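Here is how the chains run, residue by residue.
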Amino acid sequence: AQSVTQPDIHITVSEGASLELRCNYSYGATPYLFWYVQSPGQGLQLLLKYFSGDTLVQGIKGFEAEFKRSQSSFNLRKPSVHWSDAAEYFCAVGPGGFGNEKLTFGTGTRLTIIP
Amino acid sequence: DSGVTQTPKHLITATGQRVTLRCSPRSGDLSVYWYQQSLDQGLQFLIQYYNGEERAKGNILERFSAQQFPDLHSELNLSSLELGDSALYFCASSVDTDSSYNSPLHFGNGTRLTVT
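Remember, predicted model here, so these are calculated numbers, not experimental data.

**Q** So what exactly am I meant to see when it comes to the side chain of T13 of chain B here?
**A** All names here are of chain B. Here T13 is to be found in strand 2 (residues 10-13). Among the residues examined, T13 registers a relative accessible area of 14% and is labelled buried. Excluding residues that lie within four positions of it along the chain, T13 makes contacts with V19, L81, L113, T114, V115 and T116.

**Q** How should I be thinking about the interface of chain A and chain B in this particular structure?
**A** Many structure descriptions define interface size as the accessible area lost when the parts assemble. Taken together, the contact between chain A and chain B spans 21 residues of the former and 21 residues of the latter. Interface area lost by chain A to chain B is led by L44, N100 and E101 of chain A, which between them contribute 35%. At the boundary of chain A and chain B, one finds zero salt bridges. At the junction of chain A with chain B, the criterion picks out five residue pairs in polar contact (both at pLDDT 80 or more).

**Q** Looking at this model, I keep getting lost on the state of the cysteines. Mind explaining?
**A** Put plainly, a disulfide is one covalent bond tying together the sulfur atoms of two cysteines. Overall, the coordinates contain two disulfides over all chains when judged by the stated rule. Between the sulfur atoms of C23 of chain A and its disulfide mate C91 of chain A the distance is 1.9 Å. Because the torsion about its S-S bond is -65°, the bridge between C23 of chain A and C91 of chain A counts as left-handed. Here C23 of chain A, found in the loop between strand 3 (19-21) and strand 4 (24-26), pairs with C91 of chain A, found in strand 10 (residues 87-94); they are 68 residues apart in sequence, far enough to count as distant. C23 of chain B shares a disulfide with C91 of chain B; S-S distance 1.8 Å. Where C23 of chain B bonds to C91 of chain B through sulfur, the torsion about that S-S bond is close to -50°, and the disulfide is left-handed. Pair noted here: C23 of chain B is in strand 3 (residues 19-24) and C91 of chain B is in strand 9 (residues 87-94), with a separation of 68 residues, a long-range link. Each member of the pair, C23 of chain B together with C91 of chain B, is buried.

**Q** Explain the pattern of salt bridges here, please?
**A** Pairing between side chains of opposite charge can happen when their charged atoms approach one another. All names here are of chain A. Scanning the entire structure with this criterion turns up eight salt bridges over all chains. In this structure, the salt-bridge partner of K78 is D85, at a minimum N-O distance of 2.8 Å. Accessibility expressed as a relative area gives 3% for D85, which makes it buried. Its salt-bridge partner being R110, residue E88 comes within 2.8 Å of it at the nearest N-O pair. Placement of E88 in strand 10 and of R110 in strand 12 (residues 109-114) is noted, with a sequence separation of 22 residues between them. Linked by salt bridges that have partners in common, E64, E66 and R77 make up one network.

Parameters and conventions
- Residues numbered from 1 in each chain as written.
- Chains lettered and ligands numbered in written order.
- Predicted model: local features only at pLDDT ≥ 70, side-chain atom pairs only at ≥ 80, totals over all residues.
- Heavy atoms only, no water.
- Helix = DSSP H or I, 4+ residues; strand = E, 2+ residues; numbered from the N terminus.
- Buried < 20%, exposed > 50% of the residue type's maximum accessible area, 1.4 Å probe, protein only.
- Contact = heavy atoms within 4.5 Å.
- Buried area = accessible area lost by both parts, 1.4 Å probe.
- Salt bridge = Lys/Arg side-chain N within 4 Å of Asp/Glu carboxyl O.
- Polar contact = N/O pair within 3.5 Å; in protein donor to acceptor, adjacent residues only side chain to side chain.
- Disulfide = S-S within 2.5 Å.

Dropping the structure here:
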């Protein structure tokens, strides 16, 4: 079975600073990887996904993530954060050949933005 | 706005009681997923319905059940409630025409259940 770890429970960054949220997965083959964002009082929204091909994927809201097989990681990055990026971020992993019902979500990283 | 509607937003009830959570999926989406989000367990998949039929089961307790109606709205029934059932319950919908990850999940804003 696959698993996903988000080592940082809470991260605080200054507005305009760069951001990197860590995600490590465990899965025997090439996984399907996702990042979702949950704004306060809202449901989760898909930021980006990786299936295959180019290991650097671009998402919405200026986010990108890089798949590194050697490190079993799929870290989320943004060069300059905005106050509106304050939210909880979830990494998810799924095995090939299945659908959304097989997604395993991490426990999330809460991002706080300070002025 | 994801287009997924969940009601009620908040629910407070006592142990041993039964509640029903309702979800209206995004227009055109055939699949409905239910998730439980708690502080200690994170986001846990409970069950999926596709076009009225149960398609997949996750970590759903026997005290919990769900169904999807012909108009594609879904209800999650929680019975014999325990304190530990207090959580945020999310519904998500997806087109899922090819049963793959190509159809993203669209989440509602959740129902916060408090069992006292």
